[in-house]
Amino acid sequence: MSRYELNEKVIWITGASSGIGKSLALALAENNIVVASSRNEKRLEALAKTNPNIQALAADVTNPENLANVARNI
(Lines give C-alpha, C1' and ligand atoms only; values in the text may rest on other atoms or scores of the structure.)
Protein backbone atom coordinates (compact mmCIF):
# COMPACT_ATOMS: atom_id res chain seq x y z
CA MET A 1 0.00 0.00 0.00
CA SER A 2 1.31 3.45 -0.90
CA ARG A 3 2.29 5.84 1.83
CA TYR A 4 0.80 8.74 -0.14
CA GLU A 5 -2.79 9.84 -0.56
CA LEU A 6 -4.37 8.91 -3.89
CA ASN A 7 -4.83 12.56 -4.85
CA GLU A 8 -1.26 13.59 -4.01
CA LYS A 9 1.15 14.14 -6.85
CA VAL A 10 4.50 12.49 -6.33
CA ILE A 11 7.50 13.31 -8.52
CA TRP A 12 10.07 10.55 -8.97
CA ILE A 13 13.54 11.71 -9.99
CA THR A 14 16.29 9.29 -10.94
CA GLY A 15 19.91 10.38 -10.78
CA ALA A 16 19.02 12.62 -7.85
CA SER A 17 22.22 12.22 -5.82
CA SER A 18 24.15 14.88 -7.77
CA GLY A 19 24.11 17.36 -10.62
CA ILE A 20 20.92 18.29 -12.44
CA GLY A 21 18.91 15.53 -10.74
CA LYS A 22 19.80 16.83 -7.28
CA SER A 23 19.08 20.43 -8.23
CA LEU A 24 15.75 19.43 -9.73
CA ALA A 25 14.79 17.43 -6.62
CA LEU A 26 15.58 20.37 -4.36
CA ALA A 27 13.65 22.85 -6.50
CA LEU A 28 10.58 20.64 -6.92
CA ALA A 29 10.49 19.70 -3.22
CA GLU A 30 9.60 23.26 -2.34
CA ASN A 31 5.98 22.62 -3.42
CA ASN A 32 5.78 18.88 -4.12
CA ILE A 33 6.53 15.45 -2.74
CA VAL A 34 9.70 14.13 -4.37
CA VAL A 35 11.05 10.60 -4.40
CA ALA A 36 14.77 10.87 -5.10
CA SER A 37 16.57 7.84 -6.52
CA SER A 38 20.11 6.92 -7.49
CA ARG A 39 22.58 4.15 -6.70
CA ASN A 40 24.40 6.30 -4.10
CA GLU A 41 22.47 5.74 -0.87
CA LYS A 42 24.68 8.00 1.28
CA ARG A 43 24.13 11.01 -0.98
CA LEU A 44 20.41 10.29 -1.20
CA GLU A 45 20.06 10.17 2.58
CA ALA A 46 21.92 13.48 2.87
CA LEU A 47 19.60 15.00 0.26
CA ALA A 48 16.49 13.73 2.05
CA LYS A 49 17.64 15.39 5.27
CA THR A 50 17.58 18.81 3.58
CA ASN A 51 13.82 18.84 2.97
CA PRO A 52 10.97 16.86 4.58
CA ASN A 53 9.25 16.60 1.16
CA ILE A 54 12.11 14.47 -0.21
CA GLN A 55 12.09 10.71 0.29
CA ALA A 56 15.20 8.75 -0.68
CA LEU A 57 14.79 5.37 -2.39
CA ALA A 58 17.90 3.79 -3.88
CA ALA A 59 17.48 2.51 -7.43
CA ASP A 60 19.57 1.34 -10.34
CA VAL A 61 18.05 2.43 -13.66
CA THR A 62 19.91 -0.38 -15.45
CA ASN A 63 17.96 -2.96 -13.43
CA PRO A 64 14.29 -3.16 -14.55
CA GLU A 65 13.29 -5.38 -11.63
CA ASN A 66 14.79 -2.93 -9.15
CA LEU A 67 12.92 -0.03 -10.78
CA ALA A 68 9.65 -1.98 -10.66
CA ASN A 69 10.15 -2.58 -6.93
CA VAL A 70 10.77 1.11 -6.29
CA ALA A 71 7.70 2.03 -8.34
CA ARG A 72 5.57 -0.33 -6.24
CA ASN A 73 6.93 1.30 -3.05
CA ILE A 74 6.00 4.73 -4.34
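Chemist: Any chance you could explain the sheet that holds strand 3 (residues 54-56) here in plain terms?
Modeler: The pairing of strands in a sheet comes from backbone hydrogen bonds and takes either a parallel or an antiparallel form. Ordered by their spatial adjacency, three strands build an open sheet running 1-2-3, and the pairing between neighbours is parallel. Here the strands that pair on one side only, and so sit at the sheet edges, are strand 1 (10-14) and strand 3. Across the sheet, the mean angle separating the axes of adjacent strands is 25° when strand polarity is ignored. With five bridges joining them, strand 1 and strand 2 (residues 33-37) adopt parallel strand pairing. By the bridge assignment for strand 2, Ile-13 is matched with Ala-36. Its contacts with the sheet place helix 2 (residues 41-48) against strand 2 and strand 3, and it is angled at close to 160° to strand 3.

Chemist: In this structure, what is going on with the environment of Leu-44? I would like to understand it.
Modeler: Assignment of secondary structure puts Leu-44 in helix 2. Along the primary structure Leu-44 and Ala-16 are separated by 28 residues, whereas in three dimensions their C-alpha atoms are 7.2 Å apart. In this view, Leu-44 contacts Ala-16, Ser-17, Ala-36, Ser-37, Ser-38, Ala-56, Leu-57 and Ala-58; residues no more than four positions away in its chain are not counted.

Chemist: Which parts of the structure should I look at to understand the pairing of strand 2?
Modeler: Counting buried positions along strand 2 yields five of five residues, so the element is predominantly enclosed. On strand 2, burial covers both faces: Ile-33, Val-35 and Ser-37 on one face and Val-34 and Ala-36 on the other are all buried. Crossover handedness for the path strand 1 to helix 1 (residues 19-28) to strand 2: right-handed. Relative to strand 3, strand 2 is paired through three bridges, and the arrangement is parallel. Directly across from Ala-36, in strand 3, lies its bridge partner Ala-56.

Thresholds, definitions, all that
Residues numbered from 1 in each chain as written. Predicted model: local features only at pLDDT ≥ 70, side-chain atom pairs only at ≥ 80, totals over all residues. Heavy atoms only, no water. Pairing = 2+ DSSP bridges. Helix = DSSP H or I, 4+ residues; strand = E, 2+ residues; numbered from the N terminus. Axes fitted to C-alpha atoms, helices over the stretch in contact; angles between N-to-C directions. Contact = heavy atoms within 4.5 Å. Buried < 20%, exposed > 50% of the residue type's maximum accessible area, 1.4 Å probe, protein only. Right-handed = clockwise from strand over helix to strand, strands pointing away.

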